[in-house]
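# Coordinates in review
Spelled out from the first residue to the last, the chains are:
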Amino acid sequence: MRYDGDLERMQARSSFASFECDFADPVRVTEMFAALRDRHGRLDVLVCAQRLRPPPRPLLEISFEEYRRTMAANLDASFLCIQQAARQMVEAGSGGRIVAVSSTNGLAPRRGAADYDVSQAALHGLVKAAAAELAPERITVNAIVAGAVRTEIPEAELEAIAASPPNPSGMLGEPDDVARAALWLIDPDNSFVTGSLVVVDGGETSVLPH
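The rules behind these values
- Residues numbered from 1 in each chain as written.
- Predicted model: local features only at pLDDT ≥ 70, side-chain atom pairs only at ≥ 80, totals over all residues.
- Heavy atoms only, no water.
- Helix = DSSP H or I, 4+ residues; strand = E, 2+ residues; numbered from the N terminus.
- Expected span 1.5 Å × (residues − 1).
- Buried < 20%, exposed > 50% of the residue type's maximum accessible area, 1.4 Å probe, protein only.
- Arc of directions from axis to C-beta.
- Pairing = 2+ DSSP bridges.
- Axes fitted to C-alpha atoms, helices over the stretch in contact; angles between N-to-C directions.
- Contact = heavy atoms within 4.5 Å.

## A short note on helix H6 (residues 175-186)
- Across its twelve residues, H6 extends 17 Å between first and last C-alpha, which sits within 8% of the 16 Å expected from 1.5 Å per residue.
- Among the residues of H6, Val178, Ala181, Ala182 and Leu185 are the ones counted as buried. Along the long axis of H6, the arc covered by the buried residues comes to 100°, so they all point the same way. Turned more than 90 degrees off the buried face of H6, the exposed positions are Arg180 and Leu183.

Structure follows, in structure tokens:
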């Protein structure tokens, strides 16, 4: 189902439940995962897709508070969610699938995005570390590295990207492109892919200078 920005309408058309949570707060994250277990009994799949991307500014102008806010939203929140999900999966003993959605900035840093670049590269390290530790529990951990995708970003920024897509395909990706990659990674039969960075970017990183 395509996300159209209207969460209440989506809930009316499907059977999922939503929870409001400050993902930078360990207590709130723990409470949310406890509520999920109480409602559904166990957790089989986690997809972390939260992300904060600040506006471009030079490295020397990024305050430490801004840096910490970016890291809290992009890295700390993913760490907390992966840890809580893995605990439930290990306790259940039936394996599981964990997917983090990251950005190509983690592979090829951009000027004006130092804090965001660091948060994405660190997220890739977290995915690989978690994959190595959780593999004996039959839990796979992977990342989808998304390029320029049509999301709910400011219209002017979206138009600028669409006018000159940063990839050889010459187009923007769609949310469904990322969703299809997630569906492949969370497939119960897909048990031998873990610690991988699955790049969904229209070839963007294939033409970047190395």
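## Regarding the sheet that holds strand S2 (residues 96-103)
- Judged by pairing direction, the sheet is parallel, and its four strands sit side by side in the order S1-S2-S3-S4 without closing on themselves. With one partner strand each, in any of the chains shown, strand S1 (45-48) and strand S4 (197-200) form the two edges of the open sheet. Strand-to-strand twist of the sheet, defined as the mean angle between neighbouring strand axes without regard to direction, takes the value 20°.
- Pairing of S1 with S2 involves four bridges; the strand directions are parallel. Along S2, the bridge assignment pairs leucine 46 with isoleucine 98.
- Packing against the sheet, helix H3 (residues 64-92) makes contact with S1, S2 and strand S3 (139-146), and its axis sits at approximately 175° to S1.

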